[in-house]
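Structural features, examined
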Amino acid sequence: MIKAIELQNFKCFDHLQLPLAELTILAGGNAAGKSTVMQALLLADATAREKGDSVDASEALGVAVGSPKALVSQNRTELPEGDFSLKVQWNEQSVIFTYRIDKLQPLKLTYSQSESTQTDRLFYLNAERLGPRISYPAGVDEEILRDGANAAFLIDRADIQQRRVPGCLVLAGESSKFSIQVENWMNAILGDVNFSVTTDYVKAITDIRYGNGVAEEAVLPTMTGFGISYILSIVTAGLWCASLKNVSLMIENPEAHLHPAAQSRMGKFLECLTDAGVQVVVETHSEHIIDGARVQAALMKRTDNIQIYFFAKEENGIKVDSINVDKNGELSEWPKGFFDQKEQDLRELFKMRRKHAGN
């Protein structure tokens, strides 16, 4: 489990230290530093698995970085040995990665580390997940692609491998068969969804067909909305991680293309994953994800395993508020800007109603 991460001179932060919980939720405005924390974790994980003295930042982050100099804070403080550093605590071991931009090779990001480390596995689903397609790629076994493209294939592989879902995540019946439990959780979140999966190993593609209680025939993913495809990758990744040990899962915007009720249920699912031993880090713009997670945590009496951080841009930089959840699911803080837009909009509507009533 990743217990904490500390950033020094990385992107928008000259310094930031964040303890992480079993479920850590990163919330806040756009361009306020949430993705920077996710990228710091990705870069540290990739670096820990490197064998040489340099790391490809674009490959590690899954985006085109260009010159790694873009990763150095523009308000940087002096470091004795490098341009920026990341300190990660895996369980009881802390490792410092110090990065330098090579002046002779400005596209090369070299590093040194304080000691060798054995990290837990880290999986990551980015915000730009693969939507409805006629078929999906097969062949990437034992890994979760960052865009979730191989989710259908992993379902098929999990059944062939007889991979079982932990009992605490088993819904609706006694069967822990992987595909059945993916379908059960899809139903729990979206309502009335069933599917069938087949893999063509010659063409290396996986087909999936969706149906429901009122449809006589299953249909292609392209005949459904984006929400079903987006949620499939999250549920599959979550249950896949739950079948392993010492795993962390990072997800960007799990609420994408979901109705508010489904967003709340997604939050509950993410909290349930922690009961199976999966550490979850979520970046979200949805109050419903947070509400669902804290309701489920209160029901399971596990509210001490949630940590919420709210990122807000201020004149002198970025402020990060720490928000805890008590045993009743109540939040310890409600900072300005923390999902209060509805209140502001209703206030404006009330003012207009009073104005028009006066006329």
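Here's a quick rundown of the structure. (Residues numbered from 1 in each chain as written. Predicted model: local features only at pLDDT ≥ 70, side-chain atom pairs only at ≥ 80, totals over all residues. Heavy atoms only, no water.)

Within this model, the largest pocket holds a volume of roughly 460 Å³. Surrounding the largest pocket, 18 residues form its lining, Asp 45, Arg 49, Leu 122, Glu 143 and Arg 146 being those nearest its centre. Those elements that place two or more of their residues in the lining of the largest pocket are α1 (34–48), α2 (57–61) and β8 (121–125). Counting residues per element, the lining of the largest pocket draws most heavily on β8, which supplies four residues. Tallied by class, residues from the lining of the largest pocket come to ten nonpolar, no polar and eight charged. One number sums up the size of the second largest pocket: a volume of about 200 Å³. Together, 13 residues line the second largest pocket, and Cys 12, Phe 13, Asp 14, Gly 317 and Ile 318 are the ones closest to its centre. Among the elements of the structure, β2 (13–19) and β15 (317–323) are those that each provide at least two residues to the lining of the second largest pocket. No other element matches β2, which puts six residues into the lining of the second largest pocket. Residue composition of the lining of the second largest pocket, grouped by class: six nonpolar, six polar and one charged. (1 Å grid on protein atoms, 1.4 Å probe; cavity = no way out; pocket = protein on both sides within 12 Å on 5 of 7 lines; lining within 4 Å. Points joined across faces, edges and corners; volume = space filled by probe spheres on them. Helix = DSSP H or I, 4+ residues; strand = E, 2+ residues; numbered from the N terminus. Nonpolar A, V, L, I, M, F, W, Y, C, P; charged D, E, K, R; others polar.)

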